Amino acid sequence: MKDRTEAQVERAYQDAKERYNAYGIDTDEVLARLSGVEVSMNCWQGDDVAGFEGADSITGGGILATGNYPGRARNVTELRQDAELAFSLIPGKQRFNLHAIYLDSQNAVDRDEIGPEHFASWIDWAKKLGIGLDFNPTFFSHEKAAEGYTLASYDSDIRRFWIEHGKRCREIAADMGRQLGSACVNNLWIPDGSKDDTTDRLRRRELLVESLDDVFSAKYPAEETLDAVESKLFGIGSESFVAGSHEFYLAYALTRKLVLTMDAGHYHPTEGIAEKLSALLPFMDKVLLHVSRPVRWDSDHVVLFDDATRAVGREIIRADALDRVVLAVDFFDASINRIIAWVVGLRSTTKSLLAAMLEPNAMIREAEDAGRLGERLALLEDARTMPISAVWDKFCLEQGTPLGGEWIDAVRRYESEVLLKRD
Ligand code: RNT
Ligand code: ZN
């Protein structure tokens, strides 16, 4: 698709800059600020959450990647190659978010045997790219998770197995953070729950507390790794009960001083996560977001620049909390080109932050403090039709990232030259 020339982008930007300036916003400063924000890109969109243990799709765990678009990455090399293309098409700074099943090993290694050595090549790759890594233990797609319970299982052998996995993943995360000089966020999510009503919720949750306390018993420096826990309301096959619910992890994270993860798709259908941020930040140091897009039963559609995502951006910026909200995306769509999924999801997340930075926040605050609430409304309304896209294009240009349609062409070329040649 033919796009604007550099000169056209510059012209539009100069015009936008003046318009924003009238509202007290320095767009150059905004772009400098935006360029420092990191968003963690989820490796699992690249291969439908299959991993490299030999599976070709997720099994169990209440999550499901639907679709059979060609070109799924089948090994470490392909996943890295695809991710590199995506990174080149997304402005700003990214990290890469790995799951334990993405280990790089010639031999079969069970989850309770993995160690930093199985991720050494990922660290080398991240060093080469100059990016940080994040991590997740994998408590699904495994015979020991087939009953639907892991850390909250009644079977002590099963619990022990998963506790060991959790511990090893923390060690791996700490190693990544240490070697890369950037704290690796290790996010723990377990699928434990039941399809139908269970009468024994309390015992499950007490077991979960006990297991988690064991997993988190070793201490690691915050410069190396941060531990986060992610709640969920329901999954496929765990419609009636999920042990790690929002209240459970809220209480757990607060009492154990961990990071709480909020996934946009893990609440009731009309319940947004944006407003929860300001309710949590007075009580906890950091919150991790899984920016996602829930659609009916699915919590993992590709993120868009929609009202829900923009509300998240606004809440972060208005609370001046960029250093306390860790941003990661979480989606997996196997029905479309997977690189397009990555690029759209990360560009829209970044764009939502930009849009929030471009609201006349200082003027709005002033009007609000003075009780001129009509003016507050008027300023917010004006902001909606300001030329965000001119500033976004300038950001892409500065970052050496293709504009609008250009990046789609780059993916199309890669699809015919590389992806369609994979069987
Ligand atoms: C599942 C959670 C979890 C996963 C990934 C693959 O409902 O959102 O974050 O999506 O770990
Ligand atoms: Zn998630």
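Residues numbered from 1 in each chain as written. Chains lettered and ligands numbered in written order. Predicted model: local features only at pLDDT ≥ 70, side-chain atom pairs only at ≥ 80, totals over all residues. Heavy atoms only, no water.

Undergrad: Give me the lowdown on the pairing of strand β2 (residues 93-99), citing residues and values where you can.
TA: Among the 7 residues of β2, 6 are classified as buried, and the element is accordingly described as predominantly covered. By the bridge criterion, 5 bridges tie strand β1 (residues 38-42) to β2 in an arrangement that is parallel. From the neighbouring strand, V39 faces β2, where its bridge partner is Q94. In this fold, the crossover linking β1 to β2 by way of helix α3 (residues 76-88) has right-handed handedness. Bridge analysis of β2 against strand β3 (residues 133-136) gives 4 bridges, and the strand direction is parallel. Each residue of the ladder has a partner; that of N97, found in β3, is D134. Crossover handedness for the path β2 to helix α4 (residues 120-129) to β3: right-handed. (Buried < 20%, exposed > 50% of the residue type's maximum accessible area, 1.4 Å probe, protein only. Helix = DSSP H or I, 4+ residues; strand = E, 2+ residues; numbered from the N terminus. Pairing = 2+ DSSP bridges. Right-handed = clockwise from strand over helix to strand, strands pointing away.)

Undergrad: Which residues make up the coordination of the zinc ion (ligand 2), and what values go with them?
TA: Protein coordination at the zinc ion (ligand 2) comes from E230 (OE), D263 (OD), H290 (ND1) and D330 (OD), with a distance range of 2.1 to 2.2 Å. Because the angles between the 6 donor atoms bound to the zinc ion (ligand 2) fall within 69 to 166°, the donor set is best described as octahedral. (Donors = N, O, S within 2.8 Å, 3.2 Å for Na, K, Ca; no water. Tetrahedral: all angles 85-135°; square planar, octahedral: opposite > 155°, others 65-115°.)

Undergrad: I'd love a proper account of the side chain of T350, names of residues and values included.
TA: Mapped onto the elements, T350 comes out in helix α10 (residues 338-357). A relative accessible area of 7% places T350 in the buried class. There is a polar contact of 2.8 Å between the side chain of T350 and the backbone oxygen of L346. Those residues in contact with T350 that lie beyond four places of it in its chain are L34, V39, P91, W392 and F395. (Polar contact = N/O pair within 3.5 Å; in protein donor to acceptor, adjacent residues only side chain to side chain. Contact = heavy atoms within 4.5 Å.)

Undergrad: Would you mind going over the packing of aromatic side chains in detail, with residue names and values included?
TA: The description of an aromatic ring pair rests on the distance of the ring centres and on the angle between the ring planes. Enumeration over the complete set of coordinates arrives at 15 aromatic pairs. Here F96 and W342 contribute two aromatic rings whose centre-to-centre distance is 6.4 Å and whose plane-to-plane angle is 65°, an arrangement assigned as edge-to-face. Of the two residues, F96 sits in strand β2 while W342 sits in helix α10, which places them 246 residues apart along the sequence. For the pair shown, F96 and W342 are each scored as buried. We note R204 situated over the ring of Y154; from NZ or CZ to the ring centre the distance is 3.6 Å. Sitting above the plane of the F305 ring, K351 keeps its charged end 5.7 Å from the centroid. (Phe/Tyr/Trp six-rings, centres within 6.5 Å; stacked < 30°, edge-to-face > 60°. Lys NZ or Arg CZ within 6 Å of the ring centre and 35° of its normal.)

Undergrad: Explain helix α7 (residues 246-256) to me, using residue names and the numbers behind them.
TA: H246, F248, Y249, Y252 and A253 are the residues of α7 that are buried. Down the axis of α7, the buried set is contained in an arc of 155°. They therefore lie on one face. In α7, the exposed residues that point more than 90 degrees away from the buried face are E247 and T255. For α7, the secondary structure elements touched by its buried residues are β4 (184-188), α6 (201-215), β6 (225-230) and β8 (259-263). K257 sits one or two positions beyond α7 and adopts a positive phi of about 55°. (Arc of directions from axis to C-beta.)

Undergrad: How would you explain empty space enclosed by the protein if you had to name every residue and give the values?
TA: Counted according to the given criterion, the structure contains 5 cavities of 30 Å³ or more. Estimated volume of the largest cavity: approximately 160 Å³. Along its surface, the largest cavity is lined by 17 residues, and I63, H99, W189, E230 and D330 are the ones closest to its centre. Looking at the lining of the largest cavity residue by residue, the class counts come to 7 nonpolar, 5 polar and 5 charged. In this structure, the second largest cavity encloses a volume near 50 Å³. Lining the second largest cavity are S40, N97, D134, F135, N136, V185, N187, L288, H290, V326, L327 and A328. (1 Å grid on protein atoms, 1.4 Å probe; cavity = no way out; pocket = protein on both sides within 12 Å on 5 of 7 lines; lining within 4 Å. Points joined across faces, edges and corners; volume = space filled by probe spheres on them. Nonpolar A, V, L, I, M, F, W, Y, C, P; charged D, E, K, R; others polar.)

Undergrad: Talk me through the environment of D124; I want residue IDs and the actual numbers.
TA: Here D124 lies in helix α4. Spatially, the C-alpha atom of D124 lies 10.0 Å from that of M176, the residues being 52 residues apart in sequence.

Undergrad: Tell me about the environment of S245, residues and numbers included.
TA: Here S245 lies in the loop between β7 (241-242) and α7. The exposure class assigned to S245 is buried, which follows from its relative accessible area of 14%. When the C-alpha positions of S245 and L31 are compared, they lie 38 Å apart, and in sequence the two are 214 residues distant. With residues near it in sequence (within four places) discarded, S245 still touches R205, S231 and K232.

Undergrad: Tell me about the site of ligand 1, and please be specific about residues and values.
TA: Neighbouring ligand 1 are W44, I63, H99, W189, E230, K232, D263, H266, H290, D330 and F332. At 2.7 Å, a side-chain N or O of K232 approaches an oxygen atom of ligand 1. One nitrogen or oxygen atom from the side chain of D330 is found 2.7 Å from an oxygen atom belonging to ligand 1. For ligand 1, whose accessible area on its own is 310 Å², the fraction buried by protein is 99%. When atom positions are compared with the pocket grids, ligand 1 is found to occupy the largest cavity. Looking at the shell around ligand 1, its residues break down into 4 nonpolar, 3 polar and 4 charged. (Near = heavy atom within 4 Å. Areas by Shrake-Rupley, 256 points an atom, 1.4 Å probe, with all protein chains shown as cover. Sits in = over half its atoms within 2 Å of the grid points.)

Undergrad: Lay out the packing of helix α1 (residues 6-22) against helix α13 (residues 388-398) in plain terms, naming residues and giving numbers.
TA: Relative to each other, α1 and α13 sit at 130°, their axes nearing to 8 Å. Of the possible angle classes, the one that applies to α1 and α13 is oblique. For the pair α1 and α13, the crossing hand works out as left-handed. For the pair α1 and α13, the contacting residues are E6, V9, E10, A12, Y13, A16 and Y20 in the first and I388, A390, V391, D393, K394 and L397 in the second. For the contact of α1 with α13, the residue count by class is 9 nonpolar, no polar and 4 charged. (Axes fitted to C-alpha atoms, helices over the stretch in contact; angles between N-to-C directions. Parallel < 35°, antiparallel > 145°, perpendicular 65-115°, else oblique. Left-handed = near helix turned anticlockwise from the far one by under 90°.)

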